[in-house]
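Architecture at a glance
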Amino acid sequence: AFIVTDNCIKCKYTDCVEVCPVDCFYEGPNFLVIDPDECIDCALCEPECPAEAIFSEDELPAGQEAFVEINADLAGTWPNITEKKDPLPDAEEWDGKPDKLQYLER
Ligand code: SF4
Ligand code: F3S
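Worth saying up front: this structure is predicted, and the values here are computed from it rather than measured.

Let us look at the site of ligand 2. Neighbouring ligand 2 are the residues V4, C8, K12, Y13, T14, D15, C16, L32, C49, P50, A51 and I54. Among the residues forming the shell around ligand 2, the class breakdown is 9 nonpolar, 1 polar and 2 charged.

This is how it looks when you write it as structure tokens:
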């Protein structure tokens, strides 16, 4: 499956959801996740993310391993999102800041 990782937190640009053919993105207050059971590994979402926060599970950057379980867990509780909306207000400021997991709102 593809995995949404740290740099989505506090940005949530949502460009990713528009291209997913199986609508498997789920939305929380300041982060999105992909349901790994629904993702068909088409890779269409990866280049759409302005924050470069989406990776194949097989090519996860070092330090992002925890997001495999986070995506799987939160996809089961958050609502589905299929249409792009405005990014979070301070998205540009937070884009690229390291270690945002501490700010994840569930
Ligand atoms: Fe959706 Fe394809 Fe991205 Fe999986 S890889 S979340 S199926 S767009
Ligand atoms: Fe997040 Fe990137 Fe989608 S910032 S909401 S994964 S476009």
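That shown, we press on.
A word on the site of ligand 1. Ligand 1 sits among F2, C20, P21, V22, C24, F25, I34, C39, I40, C42, A43 and C45. Residues of the shell around ligand 1, tallied by class, amount to 12 nonpolar, no polar and no charged.

Moving on to the packing of aromatic side chains. For any pair of aromatic rings, geometry is given as the distance between the ring centres together with the angle between the planes. Tallied over the entire structure, the rule returns 3 aromatic pairs. Residues W94 and Y103 carry aromatic rings whose centres are separated by 5.1 Å and whose planes lie at 65 degrees to one another, so their mutual orientation is edge-to-face. For W94, a relative accessible area of 15% translates into the label buried. Judged by relative accessible area, Y103 falls into the partly exposed class, the value being 34%. Grouping aromatic residues by their ring pairs yields a cluster made of F31, F67 and W78. For the cation-ring pair, K10 lies above Y103, with the distance from its terminal atom to the ring centre recorded as 5.6 Å. The aromatic ring of W94 is capped on one face by K97, whose charged end is 5.1 Å from the ring centroid.

Calculation rules
Residues numbered from 1 in each chain as written. Chains lettered and ligands numbered in written order. Predicted model: local features only at pLDDT ≥ 70, side-chain atom pairs only at ≥ 80, totals over all residues. Heavy atoms only, no water. Near = heavy atom within 4 Å. Nonpolar A, V, L, I, M, F, W, Y, C, P; charged D, E, K, R; others polar. Phe/Tyr/Trp six-rings, centres within 6.5 Å; stacked < 30°, edge-to-face > 60°. Buried < 20%, exposed > 50% of the residue type's maximum accessible area, 1.4 Å probe, protein only. Lys NZ or Arg CZ within 6 Å of the ring centre and 35° of its normal.

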